[in-house]
Amino acid sequence: MALESIRYRRGSLSVLNQRLLPEQLRYERVDGAERAWAAINSMEVRGAPAIALVACLSLAVELAAGAGAGAEAGADGAAGAGAEAADEVAALEAFVEQRLRFLLTARPTAVNLHREAERLRERLRGWRRSPGITAPELRERIIEHIEGLLAKDRGDNERIGAHGAREILRRAPPGAAVTVLTHCNTGSLATAGYGTALGIVRALHGQGRLRRVLCTETRPCNQGGRLTALELLHERIPATLIADSAAAAAMRECGVDAVVVGADRVAANGDTANKIGTLQLAVAARHHRVPFYVAAPSSSCDPALPDGARIPIEERPGRELTHLGGLCLAPPGIDVWNPAFDVTPHDLITGGIVTEWGVLPPGDLLRELADRAAGGQ
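For clarity, every value in this text was computed on a predicted model and none was experimentally measured.

**Thoughts on the nonpolar core**
Turning to step 1, where the next piece is worked out: Val96 and Ile142 are the most contacted members of the largest nonpolar core, which totals 42 residues.
Turning to step 2, where the next piece is worked out: Sorting the residues of this core by element identifies strand E1 (6–9), strand E2 (12–16), helix H1 (33–41), helix H2 (48–64), helix H3 (77–103), helix H4 (112–128) and helix H5 (135–170) as the ones contributing at least two each.
Turning to step 3, where the next piece is worked out: No other element matches H2, which puts twelve residues into this core.
Turning to step 4, where the next piece is worked out: Excluding residues within four positions of it along the chain, Ile142 makes contact with Leu63, Leu92, Val96, Leu120, Leu124 and Trp127.
Turning to step 5, where the next piece is worked out: Counting 26 residues, the second-largest nonpolar core is a separate cluster that includes Leu181, Val266, Ala285 and Ile349.

Laid out in C-alpha cells, this is it:
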C-alpha cells in the first residue's frame, strides 16, 4: 500500500509533514486556508498536484464549517427574502474568491493550483446563474466539486503510468526489463496517490518489466533521497539512490533506458519547469541518446504561457543550501543562488510529454489542449 500524503474526509484534512521524512511519519491537521498556505510555503506539502489538492481541500474544510456565510439581512416579505438569498450567494462567492487569491500566493511556479482555481471560478459563474440557487446549495456544489479532485488526480496518474510504461517498453526488446532514472519526488507523496513519473515506474514494476530505478538525491532539500527512496523501499521496488552529480555517469555505466521526470508547469511550446537539476539531466540524456520523458497531468500545462522564459521561477532561502538541519555546510556570508526549479527546453524532451491522454511530442501539446478544451474536457 502506497504512502498517503493527504488524508481527507468531509470537514477534516490532514497532511503528511514531508519535512520530517524519513525519520518521522507525522500527519498535521489543516483546519483552513492559513494552515494550508503555511504547509505549502514551507514544503511540508510539495509536488504540484498535491499543492493544488491541499489548497482546494482546505477551502472545502472551511466551507463545511460554515465559513463564508453572509450576514442576515433581516428584510421582510418575499422580495426581501429573495434579496437576502442573493446577498448570501454573493457573500459566499466573494469568500471563495478571497481564499483562492490568498492560497495562490503560497508558491508561484506550479500551475496546477492556478488551473484548478480557474476551473472552480468557471463553475461558480455557471452555478450562480441557476435560477433560485441558494447559498447552502452553492456551498454543497463547491465542496463536492473539490472532493472530486482527489479521485480525478489518482485516475489521471494511473493513466499516465500506463501510457508511459507502454511507450518505454515499445522501445525495449520484447520481454526485456528496463532501467529508469528519475529526479525529485513524483510519487504518492506528491499527488493524491500513485504518482506521475513514479507512476510510470510503478506501472513498469507491476508488469514485471522494471529492472531498477535510479533516483537522484535532489539537492538541496533531498526529495529524492528522503521521499522517493522511502516510497520505493516501502513498496519493495528495486531502487538505487545516486548523487545528483552521478547522473551522467549512471547513464553511461548503468544501462539507463529512459529518464522520466515530473513537471510543475509546461508552457504552450512544451518547455517544462521542474525541480532544479532537471535541465542538466536532459542535456546528459541527449548526449547519451537516452529518451527523456516528462510526466505531467494536463492540469500542469499552461497554454497561456508561450514558452518557458515566461514561467516564474521560485527562489528559496539560501539557508536550504548552506545548512542541513543544524549543521552548517558552507562558510557564513557566502552568496547563495537557490532557484527551486529550472526550465528544460522542449527540444530536449526527446521521449515526449506523458499526459493522461497519451504520450505527446512537445510540439503537439498546444493543439491537444485546444482540442480537449473545445470538447469540454
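So, next bit.
**Concerning the sheet that holds strand E4 (residues 178–182)**
Turning to step 1, where the next piece is worked out: Pairing in this open sheet of seven strands is mixed, and the strands run E6-E5-E4-E7-E10-E15-E16 from one edge to the other. Two strands in the sheet have a free side with no partner beyond their single neighbour: strand E6 (239–242) and strand E16 (358–360). Here the average twist between neighbouring strands, direction ignored, is 25°.
Turning to step 2, where the next piece is worked out: Where strand E15 (residues 352–355) lies against E16, three bridges are found, and the strand directions are antiparallel. Paired with Ile353 across the two strands is Leu360, which belongs to E16.
Turning to step 3, where the next piece is worked out: Those strands touched by H5 are E4, strand E7 (258–261), strand E10 (292–295), E15 and E16, and its axis lies near 145° from that of E15.
Turning to step 4, where the next piece is worked out: In the packing of helix H7 (residues 223–234) onto the sheet, contacts are made with strand E5 (210–216) and E6, and the angle to E5 comes to roughly 160°.

**Quick word on the environment of Leu232**
Turning to step 1, where the next piece is worked out: You can see Leu232 is positioned in helix H7.
Turning to step 2, where the next piece is worked out: Taking the relative accessible area as the measure of exposure, Leu232 reaches 1% and is therefore buried.
Turning to step 3, where the next piece is worked out: C-alpha separation for the pair Leu232 and Gln24, spaced 208 residues apart in sequence, amounts to 17 Å.
Turning to step 4, where the next piece is worked out: Ignoring sequence-local partners within four residues, the contact set of Leu232 consists of Leu198, Val201, Val213, Cys215, Ile237 and Ala239.

**Structural notes on the pairing of E15**
Turning to step 1, where the next piece is worked out: Because side chains alternate across E15, one face comprises the buried residues Gly352 and Val354, and the other comprises Ile353 and Thr355, equally buried.
Turning to step 2, where the next piece is worked out: Sheet topology places E10 next to E15; three bridges connect them, and they run parallel. Looking at the pairing, Val294 lines up with Ile353 of E15.
Turning to step 3, where the next piece is worked out: Connecting E15 to the next strand, E16, in antiparallel fashion are two residues.

**Focus on H5**
Turning to step 1, where the next piece is worked out: Look at H5: 52 Å from first C-alpha to last across 36 residues, which is about the 52 Å you get at 1.5 Å a residue.
Turning to step 2, where the next piece is worked out: For H5, the principal kink sits at Leu150 and spans about 25°.

**Quick look at unusual backbone geometry**
Turning to step 1, where the next piece is worked out: Here the bond from Leu21 into Pro22 is cis, since omega is 5°, no more than 30 degrees from zero.
Turning to step 2, where the next piece is worked out: In this structure, Pro22 sits in the loop between E2 and strand E3 (27–29).
Turning to step 3, where the next piece is worked out: Residue Pro220 follows Arg219 across a cis peptide bond; omega there is 5°.
Turning to step 4, where the next piece is worked out: Secondary-structure assignment places Pro220 in the loop between E5 and H7.
Turning to step 5, where the next piece is worked out: Unlike most non-glycine residues, Met43 shows phi in positive territory, near 70°.
Turning to step 6, where the next piece is worked out: Its place among the elements puts Met43 in the loop between H1 and H2.
Turning to step 7, where the next piece is worked out: For Met43, a relative accessible area of 7% puts it in the buried group.

**What to know about the confidence of the model for the protein chain**
Turning to step 1, where the next piece is worked out: Averaged over all residues, the pLDDT of the protein chain equals 94, while 96% of them reach at least 70.
Turning to step 2, where the next piece is worked out: Counting contacts from residues 71–77, a segment whose pLDDT is below 50, to residues more than four positions away or on other chains yields six contacts.

**A look at the sheet that holds E2**
Adjacent strands of a sheet pair through backbone hydrogen bonds, lying either parallel or antiparallel.
Turning to step 1, where the next piece is worked out: Here three strands make up an open sheet; going across it, the order is E1-E2-E3 and the pairing antiparallel. Looking along the sheet, the strands with just one partner apiece sit at the ends: E1 and E3. Recorded for the sheet is a direction-independent mean angle of 20° between the axes of neighbouring strands.
Turning to step 2, where the next piece is worked out: As judged from the four bridges shared by E1 and E2, these two strands associate in the antiparallel manner. Across the sheet, Arg7 pairs through a bridge with Ser14, a residue of E2.

Calculation rules
Residues numbered from 1 in each chain as written. Predicted model: local features only at pLDDT ≥ 70, side-chain atom pairs only at ≥ 80, totals over all residues. Heavy atoms only, no water. Core = buried A, V, L, I, M, F, W, Y, C linked by side-chain atoms within 4.5 Å. Buried < 20%, exposed > 50% of the residue type's maximum accessible area, 1.4 Å probe, protein only. Helix = DSSP H or I, 4+ residues; strand = E, 2+ residues; numbered from the N terminus. Contact = heavy atoms within 4.5 Å. Pairing = 2+ DSSP bridges. Axes fitted to C-alpha atoms, helices over the stretch in contact; angles between N-to-C directions. Expected span 1.5 Å × (residues − 1). Bend = angle between axes of the 7 residues up to and from the residue. pLDDT = per-residue confidence, 0-100.

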